[in-house]
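Coordinate analysis (summary)
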Amino acid sequence: MLLGIGAVLALVAANGPAATELAERAWHDYSVNQEAYKARYGHWDVVDVPDRFRINAIHAALLRTGKVLLIAGSGNDEKNFRAGTFQSVLWDPVRNTFKQVRTPKDMFCAGHAQLPDGRLLVAGGTARYEKLTGDVGRAGGAMLVKNENPDAPRTFPAGTVFVGSTGKRYRSQLPVLVPRATKTVTGKDKPKGKGGKGKAKAKGAGKKVTVTAAQARVYVEAVAGGEGGITHTADQYRIQGLTGKDAQDLYGLAAKLGLDKKDFQGLRDAYEFDPIAERYVRVDPMDEARWYPTLVTLRDGRVLAVSGLDDMGEIIPGKNEIYDPATHTWSAGPDRYFPTYPALFLTAGGRLFYSGSNAGYGPADSGRTPGLWNVDTNSFEPVPGLAERDMTETSASVLLPPAQQHKVMILGGGGVGESHRSSKRTAIADLGEAAPRYAPGPDLPRPTRYLNAVLTPDDRVFTTGGSGDYRGKRGSDILRAQFYDPGKRAFRTAAEPTVGRDYHAEALLLPDGRIAVFGSNPLFADAAGTRMGAFEKRIEVYTPPYLYRDHRPALRTGPLDAERGGTLTLPGTDRREVARARLMRPSAVTHATDVEQRSIALTVSGGPAGAVNVTVPGDPSLVPAGWYMVFLVDRAGTPSRAAWVHVH
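Residues numbered from 1 in each chain as written. Predicted model: local features only at pLDDT ≥ 70, side-chain atom pairs only at ≥ 80, totals over all residues. Heavy atoms only, no water.

**A look at the pairing of strand 3 (residues 68-73)**
In plain terms, the rule: The buried label goes to any residue with under 20% of its type's maximum accessible area, the exposed label to any with over 50%, and the partly exposed label to all in between, with areas taken from a 1.4 Å probe on protein chains only. For the purposes of this entry, the term helix denotes a DSSP run of H or I that reaches at least four residues, the term strand denotes a run of E that reaches at least two, and both are numbered from the N terminus. Each pair of strands is called paired provided DSSP finds at least two bridges between the two strands.
Burial analysis of strand 3 places 6 of its 6 residues in the buried class, which makes it a mostly covered element. Neither face of strand 3 is open: one carries Val 68, Leu 70 and Ala 72, the other Leu 69, Ile 71 and Gly 73, and all of them are buried. When strand 2 (residues 59-62) meets strand 3, the two strands line up antiparallel, connected through 4 bridges. What sits directly across from Ala 60, in strand 3, is Leu 70. Connecting strand 2 to the next strand, strand 3, in antiparallel fashion are 5 residues, including Gly 66 with a positive phi near 90 degrees. Bridge count for strand 3 against strand 4 (residues 87-92) is 5 bridges, and the pairing is antiparallel. Looking at strand 4, one finds that Leu 69 is bridged to Leu 90.

Here it is in structure tokens:
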């Protein structure tokens, strides 16, 4: 006769802690797989990923094909960087198939945004890994390369040698293009002598020509290792191999070149990922190199690139630029400083709301004030009221559903840098008010940084993972998940994930209504900090309770087209069972930052038999052009599978 679960627990409890722990795990596994439990809390499943497709997923983006692009680049692994091993993988969550994608540059810590035609813009990445002070073997720093020739620019390849007045030599780490010098002519020609008898002045004798040297910056390292390569004073450097006038017109200038800590350095490169051809297509590079940038879509479909570390490893002091997908080129944007990976949301009137969320780099006392930024006029209106403003690094932010309510929520976060501090604070800014300010929201169950927040079709926010300390230190990964209900302003417990997620983790909504979670890069493998951590390569998928109901609305999922302000007919369902419709922008997420996702309410009206009509809002600030998922939701809050619609 079989013993009941309770009897088994009682029996093993008498046999010591190990047996008790084993029995508790068995009871947990039994409980979470019961249908009643799933219907209340949902369920987690670990995806079977073949070994050759397991990568360090730093970035995740849902494409309009329904596939998920996972980008590792070098994957925060310097050995991969030195070997030139850069990885991306396409995952089809319906068929659970995988495909390697050739990755031309190290897109580790790049930025990304969805483009109007369904391509994904990926810009920036890693040109050099950081070196801590004790690991720096060669002196280095910024070299200004000057060009006094107004007739021609000059390109110097990586490896160009600069020789100082003391004979110390430094080698450039990247190629550098130095523009031609600027020539300015002022004054007028003096008149010639009267009647041809006077001596004519030389042509242009009354003019003044001024040549202003052009310059470009490149990172250099000493040819000699150790302290012998240090230079403590400013110096002018000749460029090895140049002679004659070239040697006079072209030279380097540098201040101190030392063995200080070297931060990550960014890339200028930019690519569009084509979801149909499933490949990266190179486009015009940015003017600034960027590592840890945010890319945010503007109301006209262009993309603004903000912040990042430059090609010297220094935080960009406010030089932003705009990508035009029609011409595949960049132009200068408004100057404004933000910390790296700032959370910027497109809001009413085309303004961008900076929630205060950011990741990783920038001083604690600069660029951290939340506010509304008018990109056209470059004006900034602070939004006050946020508690624990010094705890916004590694926090999550979302534009609450539906987007028409113009409310942004910030959740958790931690102190600047490698701080042990974390916050359970949430706050909500109502941007529809005349003078918007943050108001407190309900606390998270625990202080949490690196929290991932995902919008769901039933107008809730699913939050999962994170840790209580920097990169999961001291065993602080949080195996919890919960739903936030904006209507009730309350959290509700969800099933617990089985995989811990902290730094470099991502989560996004799939077209079938499930939520996929990727990555995690803990610093240590144990709470004592004695063993280095390993990157988490498993994919875990959460099935919400709404998918354990007996019925869900039907919707044909073939691609559709819609105009802003127009009406779209959705076939395959009965109007009487549809309570609401949501247009949801696919995610492009990294470092707990996902400024792409938004859920837009569609007006539902009658339609032909077996179909329903929905109206798309006409405001491009609310609905920027692009591909979206449209979900129909019944009165129980159960969503259909999504249909893809291209909004023009």
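**Focus on the packing of aromatic side chains**
Convention followed: In this analysis, rings of Phe, Tyr and Trp, with Trp reduced to its six-membered ring, are considered paired at centre separations within 6.5 Å, and the interplanar angle assigns stacked below 30 degrees, edge-to-face beyond 60, and tilted for intermediate values. Both a distance and an angle decide whether a charge sits over a ring: NZ of Lys or CZ of Arg must be within 6 Å of the ring centre and within 35 degrees of the ring normal.
Tallying each qualifying case throughout the model produces 30 aromatic pairs. Between Phe 273 and Tyr 280 the ring centres are 5.0 Å apart and the planes differ by 70 degrees, which places this aromatic pair in the edge-to-face class. For the pair shown, Phe 273 and Tyr 280 are each scored as buried. Clustering of aromatic rings is evident, with ring pairs tying together Phe 81, Phe 108, Tyr 129, Phe 264, Trp 291, Tyr 292, Tyr 341 and Tyr 361. Geometry around Phe 483 places Arg 460 over its ring, the cationic atom sitting 4.2 Å from the centre.

**Topic: the confidence of the model for the protein**
Stated formally: Residue-level confidence of the predictor is summarised by pLDDT, bounded by 0 at the bottom and 100 at the top. Residue contacts are counted whenever heavy atoms from the two residues lie within 4.5 Å of one another.
Taken as a whole, the protein shows an average pLDDT of 93; of its residues, 95% reach a score of 70 or greater. In the model, residues 195-202 has pLDDT below 50 throughout and makes 5 contacts with residues more than four positions away in sequence or in other chains.

**Notes on the sheet that holds strand 37 (residues 490-493)**
Note the cut-off: What counts as an axis is a line fitted to C-alpha atoms, over the stretch in contact for a helix, and the angles between N-to-C directions run from 0 to 180 degrees.
The 4 strands lie next to each other as 34-35-36-37, forming an open sheet whose pairing is antiparallel. Unpaired on one side and paired on the other, strand 34 (452-456) and strand 37 mark the two borders of the sheet. Put simply, the sheet's adjacent strands are angled 30 degrees from each other on average, direction ignored. As paired strands, strand 36 (residues 481-485) and strand 37 are joined by 4 bridges and run antiparallel to one another. Counted as the bridge partner of Gln 482 is Thr 493 from strand 37.

**Points about the environment of Thr 369**
Spelled out, the test is: Residues adjacent in sequence count toward polar contacts only when both atoms are side-chain atoms; beyond that, a polar contact is any pair of N or O atoms within 3.5 Å, and within protein one must be able to donate a hydrogen and the other to accept it.
Its location among the elements puts Thr 369 in the loop between strand 27 (352-354) and strand 28 (371-374). Judged by its relative accessible area of 29%, Thr 369 is partly exposed. Separated by 15 residues in sequence, Thr 369 and Pro 384 place their C-alpha atoms 8.1 Å apart. Once residues within four sequence positions are removed from consideration, Thr 369 is found in contact with Tyr 354, Phe 380, Pro 382 and Arg 389. Only 3.1 Å separates the side chain of Thr 369 from the side chain of Arg 389, close enough to count as a polar contact.

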